[in-house]
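# Per-entry structural report
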Amino acid sequence: MPLSEHEQRMLEQMERALYAEDPKFATALEGSGLRTYTRRRVYQAAAGFLVGIALLMAGMVAKQIWVSVVGFLVMLGCAVLFVTGWRKVPKPGEQGAPGVRRQVRQRRSMMDRIEQRWQRRRDEQGH
């Protein structure tokens, strides 16, 4: 459920006050943690993919099919993690993917219209 305009203004005031009081703490909470975590996950998936290739080749050289199958499965799993992680990495300054931001904006405008209608009805009824 999106925040109302009043709640958004209050949140912005609280953020400004936090930055004024303790800029180091506010910067630490800024949201780069998700970007760092996701980027680390992408790098780990790439390294795991290389390990999978090594297992696949080692299984072929040693003529152990089960090692090759395990290597292939590791490669497949890491490829999935890499692709899904890469899509989720927000760019610096962004908090999410652009498509998600557009959907939130559309929901917010719909909620604003609903709130406006509700307020008009309350005003018409005299509350």
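Residues numbered from 1 in each chain as written. Predicted model: local features only at pLDDT ≥ 70, side-chain atom pairs only at ≥ 80, totals over all residues. Heavy atoms only, no water.

## Regarding the overall build of the protein
Quick note on the threshold: Counting from the N terminus, the helices are the DSSP runs of H or I reaching at least four residues and the strands are the DSSP runs of E reaching at least two. Think of it in three bands: residues with accessible area under 20% of the maximum for their type are buried, residues over 50% are exposed, and the middle band is partly exposed, with areas taken using a 1.4 Å probe on protein chains only. All accessible areas in this document rest on Shrake-Rupley with a 1.4 Å probe, and a residue is counted as covered only by the protein chains that are shown.
What the protein contains, in helices and strands, is 5 helices and 0 strands. Taken across its 127 residues, the protein has 13% of its residues classed as buried. Of the roughly 10600 Å² that the protein leaves accessible, carbon and sulfur atoms contribute 62%.

## Here's the deal with the pattern of salt bridges
Going by this rule: In what follows, salt bridge is the name for a side-chain nitrogen of Lys or Arg lying within 4 Å of a carboxyl oxygen of Asp or Glu.
Applying the stated criterion across every chain yields a total of 1 salt bridge. Among the ionic pairs, Arg9 bridges to Glu5, the shortest N-O distance being 4.0 Å. Of the two residues, Arg9 and Glu5 are both situated in helix 1 (residues 5–21); the distance of 4 residues between them amounts to about one turn of the helix.

## A word on the side chain of Ser68
Rules: Working rule for contacts: check all heavy atoms of both residues, and any pair within 4.5 Å makes them a contact.
Mapped onto the elements of the fold, Ser68 is located in helix 4 (residues 65–88). If sequence neighbours within four positions are ignored, Ser68 has contacts with Leu55, Leu56, Gly59 and Met60.

## With respect to unusual backbone geometry
The backbone phi angle of Lys63 is positive, close to 60 degrees, even though this residue is not glycine. On the secondary structure map, Lys63 appears in the loop between helix 3 (32–62) and helix 4.

## Thoughts on the UniProt feature "transmembrane region" (unreviewed entry) in the protein
Note the threshold: UniProt positions are given in the numbering used here, feature names are shortened, and annotations may be inferred rather than shown by experiment.
The UniProt entry lists residues 42–59 and 65–86 under the feature "transmembrane region" (unreviewed entry), expressed in the numbering used here. Helix makes up 100% of residues 42–59 and strand 0%, with an end-to-end C-alpha separation of 26 Å.

## Notes on a positive patch on the surface
Note the cut-off: What goes into a patch is any residue over 30% in relative accessible area without a salt bridge, connected to like charges within 9 Å or, for nonpolar side chains (Val, Leu, Ile, Met, Phe, Trp, Tyr), within 5 Å. In this tally Asp and Glu are treated as negative and Lys and Arg as positive; neither His nor the chain ends contributes. To locate a charge, the coordinates of NZ of Lys, CZ of Arg, CG of Asp or CD of Glu are taken.
Taken together, Arg113, Arg117, Arg120 and Arg121 make up a surface patch of like positive charges. Relative to the helices and strands, Arg117 resides in helix 5 (residues 98–125).

## Comments concerning a nonpolar patch on the surface
A cluster of nonpolar side chains, Ile65, Val69, Phe72, Leu73, Leu76 and Val80, forms an exposed patch at the surface whose accessible area comes to about 590 Å². The residue Ile65 is located in helix 4 in this model. Its relative accessible area of 68% is what places Ile65 among the exposed residues.

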